[in-house]
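Here is how the chains run, residue by residue.
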Amino acid sequence: LKTLTVLVTAEKLVREKGGNIDLAKLPLDNRATFDMISRGETAGVFQLESSGMVDVLKGMQPDTFEDIIAVVALYRPGPMDNIPSYIRRKHGKEKIDYLYPNLEPILKETFGIMIYQEQVMKAAQILAGYTLGGADLLRRAMGKKKVEVMQEQRALFVKGCAETNNIPEKKANEVFDLLEKFAGYGFNKSHAAAYAVVAYQTAY
């Protein structure tokens, strides 16, 4: 990424002027940085400078590092449809729905919207007793959409939901459908977070 060269150069120039900056140790709650991002003044900011993204930032008014991770993951075909809902929920204009009460701990930071592959895996673990290894196989199967593999996984999921949480078959199937939809375009959170770090450092 040429952005990394830009960042290293900026760091060097600040030091030459007698300043002291270490990009690896920037506070991730710098108010001025979030204010600038929320105004959409992001020309030259990694991942945040397209005109569509600027509109999203003005609407969202990001004020936490988690918001930056979320917007990086959401601003792609597929998950983009969830952006208006994320913004409304963040600002208290839409009721937050956690799909199932047990999922609140993993969906709280994204206002009940499943954005990351890790959330899909954790949901399978919590609701249907999957191991994380098994949940990763489920995630991959959902991404590839192979019919017979999906039927197998659905049966496992429904059985697991009944045994782990006494979730009725109809409800378990509904949750499986939702997970499948999210898994089809879910972004890897660790990847989005790495991008968000570079975006935040550039804005700072």
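The text that follows walks through the structure, step by step, so that each part is easy to find. Computed from a prediction, not measured in an experiment: that's the story for all the values here.

## Description of the overall build of the protein chain
Here's step 1: Within the protein chain, the secondary structure is distributed over 11 helices and zero strands.
Here's step 2: Reading the protein chain from its N terminus to its C terminus gives the helix and strand order α-α-α-α-α-α-α-α-α-α-α.
Here's step 3: Considered along the principal axes of its C-alpha atoms, the protein chain spans approximately 65 × 35 × 25 Å.
Here's step 4: Taking all 204 residues of the protein chain together, 45% fall into the buried category.

## Concerning the pattern of salt bridges
Here's step 1: One pass over the full model with this rule turns up 16 salt bridges.
Here's step 2: The partner of lysine 25 in a salt bridge is aspartate 22, with the nearest N and O atoms 3.9 Å apart.
Here's step 3: The exposure class assigned to lysine 25 is exposed, which follows from its relative accessible area of 68%.
Here's step 4: One salt bridge connects aspartate 35 with arginine 31, and the closest N-O pair in it is separated by 3.3 Å. Here arginine 31 and aspartate 35 lie together in helix H2 (residues 31-38), a separation of four residues that amounts to about one turn.
Here's step 5: Take aspartate 35: its relative accessible area is 31%, and that puts it in the partly exposed class.
Here's step 6: Salt bridges linked by common partners bring Asp63, Asp67 and Lys90 together as one network.

## Here we look at the packing of aromatic side chains
Here's step 1: Within this structure, the stated rule accounts for seven aromatic pairs.
Here's step 2: On the basis of an interplanar angle of 45 degrees and a centroid distance of 6.3 Å, the ring pair of tyrosine 130 and phenylalanine 157 is categorised as tilted. Residue tyrosine 130 is found in the loop between helix H7 (117-128) and helix H8 (132-144), and its partner phenylalanine 157 is found in helix H9 (residues 147-165); the two are separated by 27 residues along the sequence.
Here's step 3: For phenylalanine 157, a relative accessible area of 0% translates into the label buried.
Here's step 4: By the ring-pair criterion, three or more aromatic residues cluster together here, those being Phe34, Phe65, Tyr200 and Tyr204.

## Details of the environment of phenylalanine 34
Here's step 1: Note on placement: phenylalanine 34 falls in helix H2.
Here's step 2: What makes phenylalanine 34 buried here is its relative accessible area of 1%.
Here's step 3: In this structure phenylalanine 34 touches Leu28, Asp29, Pro62, Asp63, Thr64, Phe65, Ile68 and Tyr200, once residues within four positions along its chain are discounted.

## Observations concerning the side chain of glutamine 153
Here's step 1: Within the secondary structure layout, glutamine 153 lies in helix H9.
Here's step 2: Every residue in contact with glutamine 153, bar those within four places of it in the chain, is listed here: Tyr130, Leu137, Leu138, Ala141 and Phe176.

Rules used throughout
Residues numbered from 1 in each chain as written. Predicted model: local features only at pLDDT ≥ 70, side-chain atom pairs only at ≥ 80, totals over all residues. Heavy atoms only, no water. Helix = DSSP H or I, 4+ residues; strand = E, 2+ residues; numbered from the N terminus. Buried < 20%, exposed > 50% of the residue type's maximum accessible area, 1.4 Å probe, protein only. Salt bridge = Lys/Arg side-chain N within 4 Å of Asp/Glu carboxyl O. Phe/Tyr/Trp six-rings, centres within 6.5 Å; stacked < 30°, edge-to-face > 60°. Contact = heavy atoms within 4.5 Å.

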